[in-house]
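Residues per chain, in single letters:
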Amino acid sequence: MKIARIRLTESGKDRYGKPTFTEATTELDIVGFAPAVKGESEGVEQVLLEYGGTLYLHPGTDVTESDAFTIYGERYEADGPKARWVHPRGRYPGDVLIVRRSDYVSA
């Protein structure tokens, strides 16, 4: 499965000498994505839907907790650092990363 990793990279300095950033997109090959959805009522007219899931990554995939991802055409943010995905028999098939996004929808 292919997704896009979006990472901010320093692209220069502004007129005050502070760094400026641009988004650099790289295609990643991942093992899989397990989605999840959670809804919370925000009153009568709107509901906050929180989307997220787990990215299953190949060992050593270059991702950080400040990266964003495009998965099935939607942008997700990393929700913490990646973790080792260890099989009960001790094998190391890869890493996992929790991602999330939220959106208000009409009730």
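Residues numbered from 1 in each chain as written. Predicted model: local features only at pLDDT ≥ 70, side-chain atom pairs only at ≥ 80, totals over all residues. Heavy atoms only, no water.

Draft legend 1. Fine view of the side chain of Asp-67. Residue position: Asp-67 is located in the loop between strand S4 (46-57) and strand S5 (68-71). A polar side-chain atom of Asp-67 sits 2.8 Å from the main-chain amide nitrogen of Thr-64. Ignoring anything within four residues of it in the chain, the contact list for Asp-67 reads Arg-5, Ile-6, Arg-7, Asp-62, Glu-77 and Ala-78. (Helix = DSSP H or I, 4+ residues; strand = E, 2+ residues; numbered from the N terminus. Polar contact = N/O pair within 3.5 Å; in protein donor to acceptor, adjacent residues only side chain to side chain. Contact = heavy atoms within 4.5 Å.)

Draft legend 2. View of the pattern of salt bridges. For the coordinates displayed, the defined rule picks out nine salt bridges. For the salt bridge of Arg-7 with Asp-62, the shortest nitrogen-to-oxygen distance reads 3.1 Å. Of this pair, Arg-7 sits in strand S1 (residues 2-13) while Asp-62 sits in the loop between S4 and S5, and the two are 55 residues apart along the sequence. When the shortest N-O distance is used, the salt bridge between Glu-10 and Lys-13 registers 3.3 Å. Judged by its relative accessible area of 54%, Lys-13 is exposed. A single network of salt bridges, built from pairs that share partners, joins Arg-5, Arg-7, Asp-62 and Asp-67. (Salt bridge = Lys/Arg side-chain N within 4 Å of Asp/Glu carboxyl O. Buried < 20%, exposed > 50% of the residue type's maximum accessible area, 1.4 Å probe, protein only.)

Draft legend 3. View of the packing of aromatic side chains. Using the criterion set out here, one finds three aromatic pairs in the structure. Between Phe-33 and Tyr-76, the aromatic rings sit 5.7 Å apart at their centres with planes inclined by 65 degrees, giving edge-to-face as the arrangement. Placement of the pair is Phe-33 in strand S3 (residues 32-41) and Tyr-76 in strand S6 (residues 74-78), with a sequence separation of 43 residues. A cation sits over an aromatic face here: Arg-84 above Tyr-92, 3.8 Å from the ring centre. Directly above the aromatic system of Tyr-76 lies the positively charged group of Arg-101, at a separation of 5.5 Å from the ring centroid. (Phe/Tyr/Trp six-rings, centres within 6.5 Å; stacked < 30°, edge-to-face > 60°. Lys NZ or Arg CZ within 6 Å of the ring centre and 35° of its normal.)

Draft legend 4. Highlighting the environment of Lys-2. Relative to the elements of secondary structure, Lys-2 occurs in strand S1. By relative accessible area, which is 53% here, Lys-2 ends up exposed. Separated by 26 residues in the primary sequence, Lys-2 and Leu-28 have C-alpha atoms spaced 5.6 Å apart. Once residues lying within four places of it in the same chain are set aside, the contact partners of Lys-2 are Glu-27, Leu-28 and Asp-29.

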